[in-house]
Amino acid sequence: MEQKNYLNDSYTQFKNKVGLTIDGRHLKQRNEVSLVWPFKDCILEGGQSREEDKREEIFFNEVLAQDEITELLDPKVLTNAKRFDKEGDHHFDQFNRDENGTITDNLIIKGNNLLALHSLKKEFAGKVKLIYIDPPYNTGNDGFKYNDSFNHSTWLSFMKNRLSVARELLRNDGLVFVQCDDNEQAYLKVLMDEIFGRENFVSNIVWKGRGVDKTANSLHRFMKQLFVFQKDF
């Protein structure tokens, strides 16, 4: 790479050679574990109108496309709301709230989960007791259609964007559970260490999934893991 005018706070910061840096020092010069990938300072919308449709995802760089990111993450209007009970669905008029003004209804929201999380942030920030996430495992067999050219980086950006806003929703004593398998479990743990703090790691629960082939080469595909973090011990 010959161009030397790089953005100081972007992954495009290089020093006469290919090598990612943190605080002006190359990774090989640092002793701590750092999770760095090409789209770390990007926002990935991550979704499609139909699950069978593959989508060309756009990575909005946090430095170069701040206006686009602001528009993307602004709260969205929820439409076509209905109220359901044992009698069926009914016309929705308004939310039920407690004495503090917080919504007490159970909500099911259909749509892009990143946009939904940011739309709920103002109402529920710092109030959620527990978050459970069962994301795509990045096996290539999930409904979420990855950009095959950047499969691993796409998945990491996808998770980072959503876990960061999920942390804002949690109470200080709130817990987050994230399920995965061996495809990304090592990277997911380091990513959650970075977002929630390594000192806030609670436990790693491992169990054997159904239909396990007991041969050594295939056993790892059926081992499921659940990472548990508290927002702030």
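Up top you'll find the structure we're talking about.
Residues numbered from 1 in each chain as written. Predicted model: local features only at pLDDT ≥ 70, side-chain atom pairs only at ≥ 80, totals over all residues. Heavy atoms only, no water.

1. Observations regarding the overall build of the chain
Next up, step 1: Helix and strand content of the chain: 5 helices and 10 strands.
Next up, step 2: The buried share of the chain, reckoned over its 233 residues, is 37%.
Next up, step 3: Working note: accessible area of the chain is about 15,100 Å², and carbon and sulfur atoms make up 48% of it. (Helix = DSSP H or I, 4+ residues; strand = E, 2+ residues; numbered from the N terminus. Buried < 20%, exposed > 50% of the residue type's maximum accessible area, 1.4 Å probe, protein only. Areas by Shrake-Rupley, 256 points an atom, 1.4 Å probe, with all protein chains shown as cover.)

2. Regarding the packing of helix α3 (residues 151-169) against helix α4 (residues 185-196)
Next up, step 1: Across the interface, α3 lies against α4 with an axial gap of 10 Å and an inter-helix angle of 35 degrees. Relative to α4, the crossing made by α3 is right-handed. Counting all contacts with α3, which are made through H152, W155, L156, M159, K160, L163, S164 and R167, the residues of α4 involved are Y187, L188, L191, M192, I195 and F196.
Next up, step 2: Considered class by class, the residues forming the contact of α3 with α4 number 10 nonpolar, 2 polar and 2 charged. (Axes fitted to C-alpha atoms, helices over the stretch in contact; angles between N-to-C directions. Left-handed = near helix turned anticlockwise from the far one by under 90°. Contact = heavy atoms within 4.5 Å. Nonpolar A, V, L, I, M, F, W, Y, C, P; charged D, E, K, R; others polar.)

3. Description of the sheet that holds strand β10 (residues 223-230)
Next up, step 1: Spatially, 4 strands are ordered β7-β8-β10-β9 in an open sheet, and the strand pairing comes out mixed. With one partner strand each, in any of the chains shown, β7 (128-133) and β9 (201-208) form the two edges of the open sheet. Mean inter-strand twist for the sheet, computed between neighbouring axes without regard to direction, equals 15 degrees.
Next up, step 2: With 5 bridges joining them, β7 and strand β8 (residues 170-180) adopt parallel strand pairing. Across the sheet, I133 pairs through a bridge with V178, a residue of β8.
Next up, step 3: Along the sheet face, α3 touches β7 and β8 and points at about 150 degrees away from the line of β8. (Pairing = 2+ DSSP bridges.)

4. Some words on the packing of aromatic side chains
Next up, step 1: A full pass over the atoms with the stated rule returns 4 aromatic pairs.
Next up, step 2: Ring geometry for F92 and F95: centres 5.1 Å apart, planes at 65 degrees, overall edge-to-face.
Next up, step 3: A relative accessible area of 31% means that F95 is categorised as partly exposed.
Next up, step 4: Among the aromatic residues, those joined into a cluster by ring pairs are F196, F201 and F229.
Next up, step 5: Positioned over the ring face of F201 is K189, at 4.4 Å from the centre of the ring. (Phe/Tyr/Trp six-rings, centres within 6.5 Å; stacked < 30°, edge-to-face > 60°. Lys NZ or Arg CZ within 6 Å of the ring centre and 35° of its normal.)

5. A short note on the pairing of strand β6 (residues 88-91)
Next up, step 1: Both strand β5 (residues 82-85) and β6 contribute to a ladder of 4 bridges, which runs antiparallel. In the sheet register, K82 faces β6, and the bridge partner there is H91.

6. Description of the packing of helix α2 (residues 113-124) against α3
Next up, step 1: At a minimum axis distance of 9 Å, the contact between α2 and α3 shows a crossing angle of 15 degrees. As judged from the angle between their axes, α2 and α3 are roughly parallel. When the axes of α2 and α3 are compared, the crossing they make is left-handed. Within the contact between the two elements, α2 uses N113, L114, L117, H118, L120, K121 and F124 and α3 uses F158, N161, R162, V165, E168 and L169.
Next up, step 2: Its residues assigned to classes, the contact of α2 with α3 shows 7 nonpolar, 3 polar and 3 charged. (Parallel < 35°, antiparallel > 145°, perpendicular 65-115°, else oblique.)

7. What to know about the pairing of β10
Next up, step 1: Taken across its 8 residues, β10 has 7 buried, putting it largely inside the fold.
Next up, step 2: Across 6 bridges, the pairing between β8 and β10 is antiparallel. From the neighbouring strand, C180 faces β10, where its bridge partner is Q225.
Next up, step 3: Pairing of β9 with β10, which is carried by 7 bridges, proceeds in the antiparallel orientation. Across the sheet, residue K208 finds its bridge partner in β10, namely M223.

8. Things to note about a nonpolar patch on the surface
Next up, step 1: Taken together, the side chains of L78, F95, L107 and I109 define a hydrophobic patch exposed on the protein surface, amounting to about 310 Å² of accessible area.
Next up, step 2: Of note, L107 is situated in the loop between β6 and α2.
Next up, step 3: The partly exposed category is assigned to L107, whose relative accessible area is 36%. (Patch = residues over 30% accessible without salt bridge, like charges linked within 9 Å, V, L, I, M, F, W, Y side chains within 5 Å. Salt bridge = Lys/Arg side-chain N within 4 Å of Asp/Glu carboxyl O.)

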